[in-house]
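This is what each chain is made of:
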Amino acid sequence: MVSDDRVDEASDEGFKPLTREEAVKIRASNPPVSLWWVVAGQAIVGVLVAVAAWLFTGQARMGWSAGYGALAVVIPAALFARGLSRQKAATQGGAALAGFFVWELVKIALTVAMLFAAPRLIAQLSWLALLAGFVVTMKVYWVAVWLRPGRKESIKKF
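Below is a summary of the structure that appears in this document. (Residues numbered from 1 in each chain as written. Predicted model: local features only at pLDDT ≥ 70, side-chain atom pairs only at ≥ 80, totals over all residues. Heavy atoms only, no water.)

This part takes up the overall build of the protein chain. Looking only at helices and strands, the protein chain has eight helices and zero strands in total. Along the protein chain, from the amino end to the carboxyl end, the secondary structure elements read α-α-α-α-α-α-α-α. Burial analysis of the protein chain (158 residues in total) assigns 27% to the buried set. Long-range pairs, those at least 24 residues apart, make up 74% of the contacts in the protein chain with a sequence separation of at least 6. Surface summary for the protein chain: the accessible area is close to 11400 Å², and the carbon and sulfur share equals 69%. (Helix = DSSP H or I, 4+ residues; strand = E, 2+ residues; numbered from the N terminus. Buried < 20%, exposed > 50% of the residue type's maximum accessible area, 1.4 Å probe, protein only. Contact = heavy atoms within 4.5 Å. Areas by Shrake-Rupley, 256 points an atom, 1.4 Å probe, with all protein chains shown as cover.)

The structure is reproduced here in structure tokens:
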């Protein structure tokens with residue numbers, strides 16, 4: 001329980017709780033980014049990086065290595081998105097948070113397993129190309145946040 005003194009202190013410091021209408025307005029001006037759009041963007045960027053590595057070096061092994069690096073991001077991210085989409089029905093906050101951490105752990109474990117399996121799966125693996133594909137594909141998260149709908153309008157308000 002929060003004492004009335006703490007509530008009074010918070011209101012004295014300029015804290016003002018939002019009304020329902022204000023919260024709805026803020027949510028409408030800041031729509032969430034779909035995890036599936038991020039995964040699709042990662043897959044597209046991964047293909048582009050693999051093709052660019054192949055064309056730039058003229059070696060197919062570089063393209064396969066960069067492509068596998070991208071897959072080491074896309075496949076775990078798709079599994080994570082699938083797991084979280086099934087968590088939407090969770091009514092308790094603790095269960096939803098636990099589910100998030102479990103799926104994040106699964107995503108990390110699968111990524112590490114895929115990276116350990118890379119030398120056995122890709123002939124003449126280039127770790128540098130794999131790392132390039134991995135990092136560039138991973139950065140799609142930041143691009144999705146930067147390009148999300150409604151971002152410019154919400155920045156102008158502040």
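What follows deals with the packing of aromatic side chains. Inspection of every chain in the model, using the stated rule, returns three aromatic pairs. Ring centres 5.7 Å apart and planes at 75° place the aromatic pair Phe 80 and Phe 100 in the edge-to-face group. Note that Phe 80 is positioned in helix 4 (residues 60–86) and Phe 100 in helix 5 (residues 93–121), a separation of 20 residues in sequence. Take Phe 80: its relative accessible area is 7%, and that puts it in the buried class. Assessed through its relative accessible area of 34%, Phe 100 is described here as partly exposed. Taking 5.6 Å as the distance between ring centres and 75° as the angle between the ring planes, the aromatic pair formed by Phe 100 and Phe 101 counts as edge-to-face. Judged by its relative accessible area of 51%, Phe 101 falls in the exposed class. These aromatic residues form a ring-pair network of at least three members: Phe 80, Phe 100 and Phe 101. Sitting over the ring of Phe 80, Lys 107 keeps its end group 4.8 Å from the ring centre. (Phe/Tyr/Trp six-rings, centres within 6.5 Å; stacked < 30°, edge-to-face > 60°. Lys NZ or Arg CZ within 6 Å of the ring centre and 35° of its normal.)

Moving on: the packing of helix 5 against helix 6 (residues 127–138). Their axes nearest at 11 Å, the elements helix 5 and helix 6 cross at an angle of 155°. One way to sum up the angle between helix 5 and helix 6 is to call them roughly antiparallel. Classified by chirality, the crossing of helix 6 by helix 5 is right-handed. Together, Thr 111, Leu 115, Ala 118 and Pro 119 of helix 5 and Trp 127, Leu 130 and Phe 134 of helix 6 make up the contact between the two elements. Its residues assigned to classes, the contact of helix 5 with helix 6 comprises six nonpolar, one polar and no charged. (Axes fitted to C-alpha atoms, helices over the stretch in contact; angles between N-to-C directions. Parallel < 35°, antiparallel > 145°, perpendicular 65-115°, else oblique. Left-handed = near helix turned anticlockwise from the far one by under 90°. Nonpolar A, V, L, I, M, F, W, Y, C, P; charged D, E, K, R; others polar.)

Quick look at the pattern of salt bridges now. Evaluation of the coordinates by the stated rule reveals two salt bridges. With its nearest N and O atoms 3.0 Å apart, the salt bridge here joins Lys 16 to Glu 22. Looking at Lys 16, the relative accessible area reads 55%, which means it is exposed. Residue class for Glu 22 comes out partly exposed when judged on its relative accessible area of 28%. A salt bridge links Lys 107 to Glu 104; the shortest N-O distance between them is 3.6 Å. Placement of the pair is Lys 107 and Glu 104 together in helix 5, with a separation of three residues, close to one helical turn. Of the residues examined, Glu 104 reaches a relative accessible area of 22% and is grouped as partly exposed. (Salt bridge = Lys/Arg side-chain N within 4 Å of Asp/Glu carboxyl O.)

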